[in-house]
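Letter by letter, the chains look like this.
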Amino acid sequence: MGINFPQTLDAARAGAEWAWASIYRDLAPPVLGYVRGRGRSEPEDVTAEVFLQVVRDLPNFAGDERDFRSWVFAIARHRLVDDWRRRSRRPVHESLDAPSEGTVAMSAEEDALTGLAGERVRQIIQGLTADQRDVLLLRILGDLTVEEIARVVKKSPGAVKALQRRGLEAIRRTILLEGVTL
Amino acid sequence: MTDRNASTGDMGRFARKLTDRELDQVLGGQAPDEEGDLQQLASFVRDARAVLGQAPDEETAARHLAAMSDMARDADTAVIASAGPTPWRRGPSSQRERSRVMSRKLLAIVSAVVLVGLLSGAAYAGVLPGPVQRAVADVAGNLGVALPGSNAENDIDEGEVNEVDDGQAGDIEQSQVGNFDEGATDDTDEGEVGEVDEANDVHDAEVGDVDEGDVDDSGEGELEDSDDGDAEDSDEGASKDSDDGEAGEDDGA
């Protein structure tokens, strides 16, 4: 969106479909990736809920494009928490093969598309703690700064820095061990 | 595989911590230097971004956008409904609305006036069809306007005749006949019937007495004489007393 962001946001507020399409094309891939990385079995549905809430709550938003991006990921994180709580209250309906919190779920189609690279990424991210994964996904996919992530996850910037450092160190060791084992 | 699974021997290779600059570069998908492990780490970040950050397929995107558009429309409708029309919207639309309503009212009034005028003119000329002419003449007659219409005169004649006939015949019949029937006739009937019954009782008793005593001895002649005489005496005496008494009660009532 860039320099056109204010106009796009105003048009979206006025209900212009082109504006919503622009916002969706810009933010849907990283949001969907964040939801995928958090291990949801139906990430598209959660993504749809995220953008519907964006539409619903847009009148309450104020800020620039960076703020808007952080705001959208904050909504995505809240939706994931709600989805996780909802699934926890209905454990009977969960499939035994359904991924739990802390795993990275991808459909067979997605696996086929991504191939071995996708499987490797999935396994490595699955090895992280939930907080490390949360922070690194927001950093890598959401392209958020430490301060922005801190606002989203409601932690201090120092805590976020520590989490991302530990997460990267863990990935680094895993990759190195892959080389050793291979 | 996690950091917890790493052997202590491998840990020595990670002794050097990443600097903040290296960390930012790796997270940006760039290798800070020639170090192999950091290049692999940057490569992983690029792979993660490419694999996880795939855009939704066209069908899914179209479905999501359609749902967003629907919700945006609903939200607009809800806002408009809750807040009412905005000022810029209220002015022109309400003026158009008012002028449209006024035009309709004016048209209705003009139509009604023209219709009444046409009817009045035609009625005054007496060219309306019979029933319509009579109806209009009746209405105008109530308002004190005389319009040509044969029914008006007929109505007057019929009214006078009917009123006279109805008044005289009805009053006489109802007052005389009604009073007579309700008071005198009914009372008289009831009284006479009652007395007749009583007289019959007396007659039966006296006849019985006579029969018991005189039939075998006196024969038919005596029986007829005794019967007639007793019966008449009994009837007259009983009926007169009873009539007077009951008539007096009725009058008093």
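Scoring rules and cut-offs
Residues numbered from 1 in each chain as written. Chains lettered and ligands numbered in written order. Predicted model: local features only at pLDDT ≥ 70, side-chain atom pairs only at ≥ 80, totals over all residues. Heavy atoms only, no water. Helix = DSSP H or I, 4+ residues; strand = E, 2+ residues; numbered from the N terminus. Contact = heavy atoms within 4.5 Å. Areas by Shrake-Rupley, 256 points an atom, 1.4 Å probe, with all protein chains shown as cover. Core = buried A, V, L, I, M, F, W, Y, C linked by side-chain atoms within 4.5 Å. Buried < 20%, exposed > 50% of the residue type's maximum accessible area, 1.4 Å probe, protein only. Buried area = accessible area lost by both parts, 1.4 Å probe. Salt bridge = Lys/Arg side-chain N within 4 Å of Asp/Glu carboxyl O. Polar contact = N/O pair within 3.5 Å; in protein donor to acceptor, adjacent residues only side chain to side chain. Nonpolar A, V, L, I, M, F, W, Y, C, P; charged D, E, K, R; others polar. Patch = residues over 30% accessible without salt bridge, like charges linked within 9 Å, V, L, I, M, F, W, Y side chains within 5 Å. Phe/Tyr/Trp six-rings, centres within 6.5 Å; stacked < 30°, edge-to-face > 60°. pLDDT = per-residue confidence, 0-100. Expected span 1.5 Å × (residues − 1). Arc of directions from axis to C-beta. Axes fitted to C-alpha atoms, helices over the stretch in contact; angles between N-to-C directions. Parallel < 35°, antiparallel > 145°, perpendicular 65-115°, else oblique. Left-handed = near helix turned anticlockwise from the far one by under 90°.

(A) Examining the overall build of chain A more closely. Looking only at helices and strands, chain A features 8 helices and 0 strands. Excluding contacts between residues fewer than 6 apart, the proportion of contacts in chain A whose partners are at least 24 apart in sequence is 64%. Split by element, the accessible area of chain A, about 8200 Å² in all, is 53% carbon and sulfur.

(B) Molecular detail of the nonpolar core. In terms of nonpolar packing, the biggest core is built from 65 residues, with Trp20 and Phe68 of chain A together with Phe44 of chain B touching the most fellow members. Broken down by element, the residue count for this core peaks at 10 residues, all from helix 2 (residues 17-37) of chain A. In contact with tryptophan 20 of chain A, other than residues within four places in its own chain, are Ala12, Gly15, Val54, Val55 and Leu58 of chain A together with Leu65, Met68 and Ala72 of chain B. Val136, Ala137, Ala140 and Leu147 of chain B belong to the second-largest nonpolar core, a separate cluster that totals 7 residues.

(C) Seen up close, the interface of chain B and chain A. Taken together, the 45 residues of chain B in the interface contact 48 residues of chain A. Buried area between chain B and chain A, summed over both chains or domains, comes out near 4500 Å², and the portion from carbon and sulfur atoms is 69%. A salt bridge links arginine 165 of chain A to aspartate 20 of chain B, with the shortest nitrogen-to-oxygen separation between them at 2.6 Å. There are 8 residue pairs in polar contact (both at pLDDT 80 or more) connecting chain B and chain A. Of all the secondary structure elements, the ones that give two or more residues to the side of chain B that touches chain A are helix 1 (8-11), helix 2 (20-27), helix 3 (36-52) and helix 4 (58-83) of chain B. Counted by class, the side of chain B that touches chain A contains 23 nonpolar, 9 polar and 13 charged residues.

(D) Expanded view of the environment of alanine 48 of chain B. Among the structural elements, alanine 48 of chain B can be located in helix 3. Under the relative-accessibility criterion, alanine 48 of chain B is labelled buried at 3%. Residues alanine 48 of chain B and glycine 29 of chain B lie 19 residues apart in sequence; the distance between their C-alpha atoms is 9.7 Å. Discounting residues that sit within four places of it in the chain, alanine 48 of chain B has contacts with Val121 and Leu141 of chain A together with Gly53 of chain B.

(E) Region of interest: a nonpolar patch on the surface. Residues and elements named next belong to chain B. A contiguous nonpolar patch, built from Leu106, Val110, Val114 and Leu118 and spanning about 390 Å² of accessible area, is present on the exposed surface. Within the fold, leucine 118 resides in helix 5 (residues 87-125). On the accessibility criterion, leucine 118 (60% relative accessible area) is exposed.

(F) Looking closely at the packing of aromatic side chains. All names here are of chain A. Enumeration over the complete set of coordinates arrives at 6 aromatic pairs over all chains. Pairing phenylalanine 61 with phenylalanine 68 gives two aromatic rings, centres 5.3 Å apart and planes at 75°, and the pair type is edge-to-face. Here the two residues phenylalanine 61 and phenylalanine 68 agree in accessibility, since each one is buried. Measuring from centroid to centroid gives 5.7 Å for phenylalanine 68 and tryptophan 71, while their planes differ by 40°, and the two rings are tilted. One end of the pair, phenylalanine 68, and the other, tryptophan 71, are both in helix 4 (residues 65-89), 3 residues apart, so they sit about a helical turn from each other. Exposure remark for phenylalanine 68: the relative accessible area of 1% places this residue in the buried category.

(G) The confidence of the model for chain B, seen in detail. Residues and elements named next belong to chain B. For chain B, per-residue confidence averages 60 on the pLDDT scale, and residues scoring 70 or more make up 42% of the total. When mean pLDDT is compared element by element in chain B, helix 3 scores highest at 87, while helix 7 (residues 150-252) scores lowest at 42. Below a pLDDT of 50 lies the segment residues 1-12, which in the model reaches 14 contacts outside its immediate sequence neighbourhood of four places, other chains included. The low-confidence segment residues 155-253 (pLDDT under 50) makes 50 contacts with residues lying over four places distant or belonging to another chain. With pTM at 0.53, the complex prediction returns an ipTM value of 0.81.

(H) Main features of helix 6 (residues 130-140) of chain A. Of all 11 residues in helix 6 of chain A, 9 are buried; the element is thus mostly enclosed. Restricting attention to buried positions, one finds in helix 6 of chain A the residues Gln132, Arg133, Asp134, Val135, Leu136, Leu137, Leu138, Arg139 and Ile140 of chain A.

(I) Spotlight on helix 6 (residues 130-142) of chain B. Residue and element names in this part refer to chain B. In this model, helix 6 (13 residues) spans 18 Å end to end at C-alpha, consistent with the 18 Å of a helix rising 1.5 Å per residue. Listed as buried for helix 6 are Gln133, Val136, Ala137 and Ala140. Looking straight down helix 6, one finds that the buried residues subtend no more than 100° of arc, so they occupy a single side. Turned more than 90 degrees away from the buried face of helix 6, the exposed residues are Pro131, Val139 and Asn142.

(J) Quick look at the environment of leucine 163 of chain A. All names here are of chain A. Along the chain, the position of leucine 163 falls in helix 8 (residues 157-181). Along the chain, leucine 163 and glutamine 132 lie 31 residues apart, while their C-alpha atoms are 5.2 Å from each other. Excluding residues within four positions of it along the chain, leucine 163 makes contact with Asp131, Gln132, Val135 and Lys155.

(K) Just the packing of helix 6 of chain A against helix 7 (residues 146-153) of chain A, in detail. Residue and element names in this part refer to chain A. Two elements in contact, helix 6 and helix 7, have axes whose closest approach is 10 Å; the angle formed by their N-to-C orientations is 130°. By the criterion of interaxial angle, the relationship of helix 6 to helix 7 is oblique. Crossing of helix 6 over helix 7 shows right-handed handedness. On helix 7, the residues that touch Asp134, Val135, Leu138 and Arg139 of helix 6 are Val146, Ile149, Val152 and Val153.

(L) Representation of the pattern of salt bridges within the structure. All names here are of chain A. Inspection of the entire model under this criterion finds 16 salt bridges over all chains. Aspartate 83 serves as the salt-bridge partner of arginine 86, at 3.1 Å between the closest nitrogen and oxygen. Residue arginine 86 and its partner aspartate 83 are located together in helix 4, separated by 3 residues, close to a single helical turn. Given the relative accessible area of 25%, arginine 86 is considered partly exposed. Take aspartate 83: its relative accessible area is 5%, and that puts it in the buried class. Arginine 122 is the salt-bridge partner of glutamate 119, the closest N and O atoms lying 3.0 Å from each other.

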